[in-house]
Structures are given as C-alpha cells and as structure tokens.
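# Coordinate inspection notes
Chain by chain, the residues:
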Amino acid sequence: MDDDSVAMQMATGEADRSPSATVVGARPLEIADVAALTVSNIEAGNEAGVSGDEPDDTSQPLSEPDTDEQILVSTEVRLLLSMAEAHLEADRLVAPRFNNALYAYRKVLRIDPGNQEVQSGLRAIRAKLRRFAKEERARGNELGAQRQLNKLSLLEGLE
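Residues numbered from 1 in each chain as written. Predicted model: local features only at pLDDT ≥ 70, side-chain atom pairs only at ≥ 80, totals over all residues. Heavy atoms only, no water.

## A few points about helix H3 (residues 68-89)
Since one α-helical turn is 3.6 residues long, residues separated by three or four positions face the same way. Between its terminal C-alpha atoms H3 stretches 32 Å, which fits the 32 Å expected from 22 residues at 1.5 Å a residue. What H3 keeps buried is the set Ile71, Thr75, Val77, Leu79, Leu80, Leu81, Ser82, Met83, Ala84, Ala86, His87 and Leu88. A positive backbone phi angle near 60° is found at Asp91, which sits one or two residues after H3. (Helix = DSSP H or I, 4+ residues; strand = E, 2+ residues; numbered from the N terminus. Expected span 1.5 Å × (residues − 1). Buried < 20%, exposed > 50% of the residue type's maximum accessible area, 1.4 Å probe, protein only.)

## Focus on the packing of helix H4 (residues 101-111) against helix H5 (residues 116-138)
Interhelical geometry of H4 versus H5 gives an angle of 155° and a closest axis separation of 10 Å. Overall, the two elements H4 and H5 adopt an arrangement that is roughly antiparallel. Where H4 crosses over H5, the two elements pack in a sense that is left-handed. Contacts between H4 and H5 involve Ala101, Leu102, Tyr105, Val108 and Leu109 from the first element and Glu117, Val118, Gln119, Gly121, Leu122 and Ile125 from the second. In the contact of H4 with H5, the residues fall into 8 nonpolar, 2 polar and 1 charged. (Axes fitted to C-alpha atoms, helices over the stretch in contact; angles between N-to-C directions. Parallel < 35°, antiparallel > 145°, perpendicular 65-115°, else oblique. Left-handed = near helix turned anticlockwise from the far one by under 90°. Contact = heavy atoms within 4.5 Å. Nonpolar A, V, L, I, M, F, W, Y, C, P; charged D, E, K, R; others polar.)

## Quick word on the nonpolar core
Generally speaking, a soluble globular protein has its nonpolar side chains buried in company with each other. The biggest cluster of nonpolar side chains holds 21 residues, and the ones touching the most others in it are Leu93, Leu102, Tyr105, Val118, Leu122 and Ile125. Every element with two or more residues in this core is listed here: H3, H4 and H5. With near-sequence residues (within four places) excluded, Leu102 lies in contact with Leu93, Val94, Leu122, Ile125, Leu154, Leu155 and Leu158. (Core = buried A, V, L, I, M, F, W, Y, C linked by side-chain atoms within 4.5 Å.)

The analysis is restricted to geometry; functional conclusions fall outside its scope.
Structure below.
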C-alpha cells in the first residue's frame, strides 16, 4: 500500500487501526500528509460522499454552502479526531511529544472547545491511565503505578 492510500484511509476513517497504520513509509503520519491529500480531493470535488453519482434531490431546500474556510476547519477537526483515535488505540496517550492522543485532542479543543468526541476521548485516556496504574501495582511496581497516575494531571482543566 502506498503512502497516499494510507493517508486517505486515515482521512476517511477506513484505515487499519493497528499501530503500523499511522506510519507512512518510515516516519509517523503527520497531519500535513493527510490534510494535503484531503484538501486536494476537496478542490477536485471528491470529498467523502461526493461522487457525482447520487441523484439530484431538489425536493430539499438548499442550505447556504460552506465557505472554503469552514470546509477546511471541519476537515482539520475530522483529521485530528481520526489521528487521536489511532493514537488512543495504540496506547500513545500522552507521549511521544506532539504525536499522541492528548496532543491531537487539545488541538481540536482550540478549534472546537465544546467537541463531545474530545470529551469522550479524554475520558478514555483517563480510564486507560488508571487501568495501567492498576496493572503496574498488581505487578508490584508502585513507582510505575505512580508514574501512570501522575500523567492524569496532564488532563486537568480539559473537561
């Protein structure tokens, strides 16, 4: 599978959710990789759900078309949420720096402060960190458990 195929699968939510799915070539998938492909598809009229094969339904009133900026913001939010979900599933909760679920969720909150998907994702991060702490404690690693619990402080003030 080539880099463009992986990036498009990530953008449309059809990607394999394994940790390797967020790697393009030998480097981590960056927002710019997916955004560039998505923007070029939008400009070409190929945004998800726009194939040109649907019947023209004129019975519904037409709403105001989104501005280019609204489309790009919406696309950026969808991409960030998709990336956050991939990080979450791969247990990249708060690290590595600039390439983890918390980082992607924070970027969405800057764009859309009330986003409910972010709140759900933050709850999932908290639950995983608590579970990891419990597992460390069960193995007798009190220091490891405390490290996991300390990571919870990174989420303070985000709900």
